[in-house]
Amino acid sequence: MENISIKNLIVDFDITNEENEIISKKRVIDDISLSINEGEFICIIGKNGSGKSTFVKCLNALILPSSGDVTIYGMNTKDESNLINIRRNIGMAFQNPDNQIVASIVEEDVAFGMENLGFESEEMDKRIDESLNILGIKDSRYSQTNKLSGGQKQKVSLAGILCLKSKILVLDEPTSMIDKNGRIDLLNKVYELNKNQKITVILISHYIEEIKYADRVLVMNNGKIINDDTPKNTVLKEEILLEAGIELPYITKLSKLLKEKGKNLKGNEFTVKELCQFLK
Amino acid sequence: MIRDITLGQYYKKDSIVHSLDPRVKLVATLVFLVSLFISTNIFAYLFATIFLIIAIYMCRVPFKFIIRGLKSLLILLLISIFFNLFLTPGKIVLSLGIFKITKEGIIIAIKMAIRLIYLVIGSSILTLTTTPSKLTDGLEKGLSFLKVFKVPVAEIALMMSIALRFIPILIEEVDKIMNAQMSRGADFEHGNIIEKAKSLIPLLIPLFVSAFKRANDLAYAMESRCYSSDAIRTKLRPLKYKKIDYMTYAYLLLYIILIFLTRYIKIDGIIKFERFL
Ligand SMILES: Nc1ncnc2c1ncn2[C@@H]1O[C@H](COP(=O)(O)OP(=O)(O)O)[C@@H](O)[C@H]1O
Ligand SMILES: [Mg+2]
């Protein structure tokens, strides 16, 4: 079932001079049409400034289209009366966990979204428990948020989103400020949520290795989507990746080299496991 | 270096005072401060002392933590004692060259010292036994009547709690920027006041830029989590008076009545504070 539908989305930012007069417009999203189905895991890659963050901010009406339509479960983001319902359905986590945690204590921060929606205390308590449990940070419930590690902080912001039971999870480079172990841990949790609870996941990443979790990889360049394919097919499209300024995963490079040397490989492997299987 | 500053001096402990509703504690502190300034004779000070001793005993915070706040007040205290002692005109008790100590001077100096010390101890007990977020909650709920006058109480409280949350982050940031600028040869420690103020510019500008970026990010994050200022928000832990809170209010009422009554104690045979000196 389709839950996100985007038609001819264009976003222009106004470029203003010192007197706040608009002197020109900058096209940041350039005619994107796309549909995303329930339960899909989408990964968006692209270099800095290619419009990835702007694109996902259009999904929950943080940014409104200059033209075109974004529809979430049939609700258009342009219609102000849909605002809360759209945001309830899309949980969004951003890059820097420090800049999205509102409260000093973990449980208070997790509750923030529910407080905004007028939940009762008992319900909040139950859901905080659940979501901290899913992410495995139950012990930190009463900890101070600024004493946690980067990975834990990012999990706290995720817990705050999960407890709203959003059906769509948007993660804008959630792992760029945390170390490798924290990264793998967090993404594995997200992957489980996607598989177990059929939550649609849209992950923006600047680590190309992370596309291995995805069903579909979108490559963005200059506000356009220049690739929409499976991870396996994506790593084979060298010209497109080159155009978008993305380097191949280390393992894929290795497998390509081995293939040239006559090994029986496809040249699109990107996990160590896959490579090992072929080398056996 | 800067990171060592601790904000809010909450001392975790399971005590009756800790468990009181923050509104009660705010009112109690206010009542106590007022009582200090309407006290005129020794009985009032006696009651205030008993009140304070009970509070110190019940909050179960080690005494040395409670009086820690006095350290920073020491100089102010000495200055005020000095001026009151030597510069109050009146009946001279002792004269040391140009300095003359008067009877009135001694009385005022003692009163001032007691008031200042009690004031600091009283408010220390409040901050030691109440977390900053509870305090903001208490203020929000306690001042909610101001909503009638279109004061955005809830928004102000949210702003306060967000500010509290970002203080450690910004302190860390100052530290980082300072180190970065010092490694480029910036000098924050030497020079006169004007030079020092000038040397803060390369610190403040990056700090402001980053604070605005953080504010922008936070606004997006809050909106994504369905924040809107017109919606009615609920609380995870709504403040609710318990029996002990009502009892404390009753004791407070009793206390303030006693303090007022001391103004009428003028029995012969009981030495009045002034005559005692
Ligand atoms: N509020 C804004 N006003 C003007 N230009 C902006 C604004 N936000 C982003 N941009 C510009 O839009 C482009 C895309 O930014 P962004 O979506 O953040 O890219 P990405 O997330 O892929 O790095 C960038 O060139 C950026 O400078
Ligand atoms: Mg971005």
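Everything in this summary refers to the structure shown in the same document. (Residues numbered from 1 in each chain as written. Chains lettered and ligands numbered in written order. Predicted model: local features only at pLDDT ≥ 70, side-chain atom pairs only at ≥ 80, totals over all residues. Heavy atoms only, no water.)

### A word on the state of the cysteines
Okay, step 1: Per the counting criterion, the structure on display carries zero disulfides over all chains.
Okay, step 2: Not part of a disulfide, cysteine 58 of chain A finds its nearest cysteine sulfur in cysteine 226 of chain B, a span of 18 Å.
Okay, step 3: Of the residues examined, cysteine 58 of chain A reaches a relative accessible area of 0% and is grouped as buried. (Disulfide = S-S within 2.5 Å. Buried < 20%, exposed > 50% of the residue type's maximum accessible area, 1.4 Å probe, protein only.)

### Some thoughts on the interface of chain A and chain B
Okay, step 1: Across the boundary between the two partners, chain A contributes 41 residues, which contact 27 residues of chain B.
Okay, step 2: Both faces considered, chain A and chain B share a buried interface measuring about 2800 Å² in area, 50% of it formed by carbon and sulfur atoms.
Okay, step 3: Counting across the chain A and chain B interface gives six salt bridges.
Okay, step 4: Here glutamate 115 of chain A ties to arginine 233 of chain B by a salt bridge, and the two come within 3.0 Å at their closest N and O atoms.
Okay, step 5: At the junction of chain A with chain B, the criterion picks out 17 residue pairs in polar contact (both at pLDDT 80 or more). (Contact = heavy atoms within 4.5 Å. Buried area = accessible area lost by both parts, 1.4 Å probe. Salt bridge = Lys/Arg side-chain N within 4 Å of Asp/Glu carboxyl O. Polar contact = N/O pair within 3.5 Å; in protein donor to acceptor, adjacent residues only side chain to side chain.)

### Structural notes on a nonpolar patch on the surface
All names here are of chain B.
Okay, step 1: Taken together, Leu74, Ile75, Leu78, Ile79, Phe82, Phe83, Leu87, Val93, Leu94, Leu96, Ile98 and Phe99 make up a surface patch of nonpolar side chains, about 1200 Å² in accessible area.
Okay, step 2: Of all the elements in the fold, those that place two or more residues in the nonpolar patch are helix 5 (68-87) and strand 1 (92-96).
Okay, step 3: Its location among the elements puts phenylalanine 82 in helix 5.
Okay, step 4: Relative accessible area serves as the criterion here: at 38%, phenylalanine 82 is assigned to the partly exposed category. (Patch = residues over 30% accessible without salt bridge, like charges linked within 9 Å, V, L, I, M, F, W, Y side chains within 5 Å. Areas by Shrake-Rupley, 256 points an atom, 1.4 Å probe, with all protein chains shown as cover. Helix = DSSP H or I, 4+ residues; strand = E, 2+ residues; numbered from the N terminus.)

### Section: the sheet that holds strand 2 (residues 22-37) of chain A
Residues and elements named next belong to chain A.
Okay, step 1: Spatially, four strands are ordered 2-1-4-5 in an open sheet, and the strand pairing comes out antiparallel. Lying at the two open borders of the sheet, with one neighbouring strand each, are strand 2 and strand 5 (75-76).
Okay, step 2: Where strand 4 (residues 67-72) and strand 5 come together, two bridges link them in antiparallel fashion. Residue threonine 71 lies in a different strand from strand 5, and its bridge partner there is asparagine 76. (Pairing = 2+ DSSP bridges.)

### Re the nonpolar core
Okay, step 1: Ranked by size, the top nonpolar core spans 48 residues in total, and within it Ile45, Val110, Met114, Leu169, Leu171 and Val201 of chain A carry the most contacts.
Okay, step 2: When contributions to this core are tallied by element, the ones reaching two or more residues are strand 3 (41-45), helix 3 (106-116), helix 4 (121-135), helix 5 (150-162), strand 7 (168-172), helix 6 (180-197), strand 8 (200-204) and strand 9 (216-221) of chain A.
Okay, step 3: Of all the elements, helix 5 of chain A adds the most residues to this core, at five residues.
Okay, step 4: Beyond its immediate chain neighbours, meaning those up to four positions away, leucine 171 of chain A contacts Ala93, Leu158, Val190, Val201, Ile202, Leu203 and Ile204 of chain A.
Okay, step 5: Counting residues in hydrophobic clusters, the runner-up holds 30 residues, among them Ile90, Met92 and Phe94 of chain A together with Ala221 of chain B. (Core = buried A, V, L, I, M, F, W, Y, C linked by side-chain atoms within 4.5 Å.)

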